[in-house]
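# Structural characterization, general
Here are the chains, one letter per residue:
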Amino acid sequence: MTKPAADHSLETVRLTALYGRRAVVKEISIRFAPRTVTAMIGPSGCGKSTYLRCLNRMHELSEGGWVTGKVVLDGQDIYEGDLDPVVLRRRIGMVFQRPTPFPMMSIFENVAAGLRVNGHGSHAETAHAVEQALRRAALWDEVKDRLKRSATALSGGQQQRLCVARAIAPEPEVLLLDEPTAALDPGGTQRIEELCIELKQRYTIVIVTHNMQQAARVSDFTAFFYLGELVELGVTKEMFTKPKVARTEEYLTGRFG
Amino acid sequence: MNLRQIRRHFVSGLMTGVVALLSALACLALFLILANLVIKGASSLDLNFFIKDPVPAGQTGGGVANAIVGTLIIVGLAALVGLPVGIGAGLYLAEYGNGRLGWVVRFVADVLNGTPSIVIGVFAWTWLVKPMGHFSALAGGVALAVLMVPMIARTTEEMVRLVPHSLREAALALGYPRWRTSLSIVARTALAGIVTGCLVGIARIAGETAPLLFTALGNLNFSTSVLEPMQTLSLQIFSYATGPFEEWHRLAWAAALVLMGLVLVLGAAARIAMRQRQ
């Protein structure tokens, strides 16, 4: 049942995201290496979240949102031709700033939601996939006795790991994390960070974060965004020790942002 | 305490008192109605009242079984037609209704909401009773449904709008199509609120009389056929209360008490459904 983790390539080419006529992300080209974590950092309003939302075509759902340029997933431009964004989003998992468990569903149903909408699998297969996802999200031991209970009874940190489980249950190719620890306490944050490092063995992960220490802890590569532009992209260790661009250094040392 | 503080305390106390008094006044109306109904109607509530049909004028011992069953049938019919339309329209308004069409639907619903119920009765008479050639429970049910739809639509819209946007995004990011997001995530999350709105809507139409006067008409006999005239509690109250006999007045009070009880039960159910939400 469990597919071996395959290498999936993701790349943006001169990607520009706009609201109406205002560009908030400007001509950004990044190639994400398979099974790595890439962190997007930068001050509020720099376009890093918008950039992330272009990768699974969520940006176009915002009022006035549209893009130019390319997002190439496994050799295919996701904005080209008749690719259905709904189908695309099943190939790319996403976790948001605040935990968003579906309140009317049980823990089990929450994790199974993405599988069911795909419409395949017997009950036994679904149950297996749910357990797998919960185990990978390091939540199984805490919830295995109460899978039928409401998801809203979980703590904030548990809810966020539930959302991770929900996102990875359909075996996506890429995992997008949009400030996943912004609403969590230090304990919850640590679990998510550990999870991030754990999950990169299977997925290509892109994480947006406000927390520079977090970027340093979990990511292999870091992209520094400022005013919608990509200022610097590099190996995290190098960038945090000796950034090439002056602006990056100023941000990393807290002189602005 | 200096003078200003004393003044502040005084004004605060005064305002609280005024507001409390006004609230009491608002509740007083309901208590007076209920007390009145119980005093004048409760003594007529026996088994016969519920299981017997009306007897000819002058005789005693009749009941309003036909009206009780008729009310249930016509209100049920109205709910059958009105709830799906109202909930659907409300869902549309909340989820897709930001454009021009949404504005139009919302405007129409608000106007319809303020339309006198007797006008809706005339409308049902023109479009259903006249073409069919006779009065019917069906026409009455449709008239009540028309009355109900805008109420249900607007409350459903409000309840659905309360669902956080982040849940919609989470579902969409998971690969839910838009319609499925609306139905199985958003509507499901707002369910308790929608149910509450429906119960309040049903309670609101259960006692309507004007739209039924020239649609369901009323019926002295027991009837369950929706294509024939049918009696309801409200029509029964109207004809008995305006009649000349003491016995009829007695039964009218009792029927009013039963109708009021029905509305109270629906209102209480709505409260409970709402509490389930939290």
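In this report, the structure presented in the accompanying data block is examined. Nothing here was measured: the structure is a model prediction, and the numbers come from that model.

### Quick word on the sheet that holds strand β5 (residues 76–77) of chain A
For sheets, the rule is that strands pair by backbone hydrogen bonds, running either parallel or antiparallel. Residues and elements named next belong to chain A. In spatial order, the strands read β2-β1-β4-β5; together these four strands make up an open sheet with antiparallel pairing. Two strands close off the open sheet at either side, each with one partner strand: β2 (22–32) and β5. For strand β4 (residues 65–73) and β5, the ladder comprises two bridges, and the chain directions are antiparallel. Across the sheet, residue Leu73 finds its bridge partner in β5, namely Gln76.

### Focus on the nonpolar core
One finds Ala165(A) and Ala255(B) to be the most contacted residues of the largest nonpolar core, which totals 145 residues. Among the elements that take part in this core, helix α6 (residues 137–161) of chain B stands out by supplying 16 residues, more than any other. Look past the residues within four positions of Ala255(B) in its chain and what remains in contact with it is Val64(B), Ala67(B), Leu233(B), Gln236(B), Ile237(B) and Tyr240(B).

### Quick look at the sheet that holds strand β3 (residues 37–41) of chain A
Residues and elements named next belong to chain A. The six strands are arranged β6-β7-β8-β3-β9-β10 in an open sheet whose pairing can be described as mixed. Strands with a single pairing partner mark the edges of an open sheet, and in this sheet they are β6 (92–95) and β10 (229–235). Strand-to-strand twist of the sheet, defined as the mean angle between neighbouring strand axes without regard to direction, takes the value 15 degrees. Note: β3 against strand β9 (residues 221–226), four bridges, orientation parallel. For Met40, the partnering residue across the bridge sits in β9 and is Ala223. Strands β6 and β7 (174–178) of the sheet are contacted by helix α6 (residues 156–168), whose axis makes an angle of about 170 degrees with β6.

### Digging into the environment of Glu208(B)
Residues and elements named next belong to chain B. Positionally, Glu208 belongs in the loop between α9 (191–206) and α10 (210–213). Take Glu208: there are 24 C-beta atoms within 10 Å of it, and that puts it in the buried class. In the structure, Glu208 is positioned 64 residues away from Leu144 in sequence and 7.8 Å away in space, judged by C-alpha atoms. Setting aside residues no more than four positions away along its own chain, Glu208 makes contact with Ser117, Leu144, Leu147 and Ser234.

Parameters and conventions
- Residues numbered from 1 in each chain as written.
- Chains lettered and ligands numbered in written order.
- Predicted model: local features only at pLDDT ≥ 70, side-chain atom pairs only at ≥ 80, totals over all residues.
- Pairing = 2+ DSSP bridges.
- Helix = DSSP H or I, 4+ residues; strand = E, 2+ residues; numbered from the N terminus.
- Core = buried A, V, L, I, M, F, W, Y, C linked by C-beta atoms within 7 Å.
- Buried ≥ 20, exposed ≤ 12 C-beta atoms within 10 Å, placed from the backbone.
- Contact = placed C-beta atoms within 7 Å.
- Axes fitted to C-alpha atoms, helices over the stretch in contact; angles between N-to-C directions.

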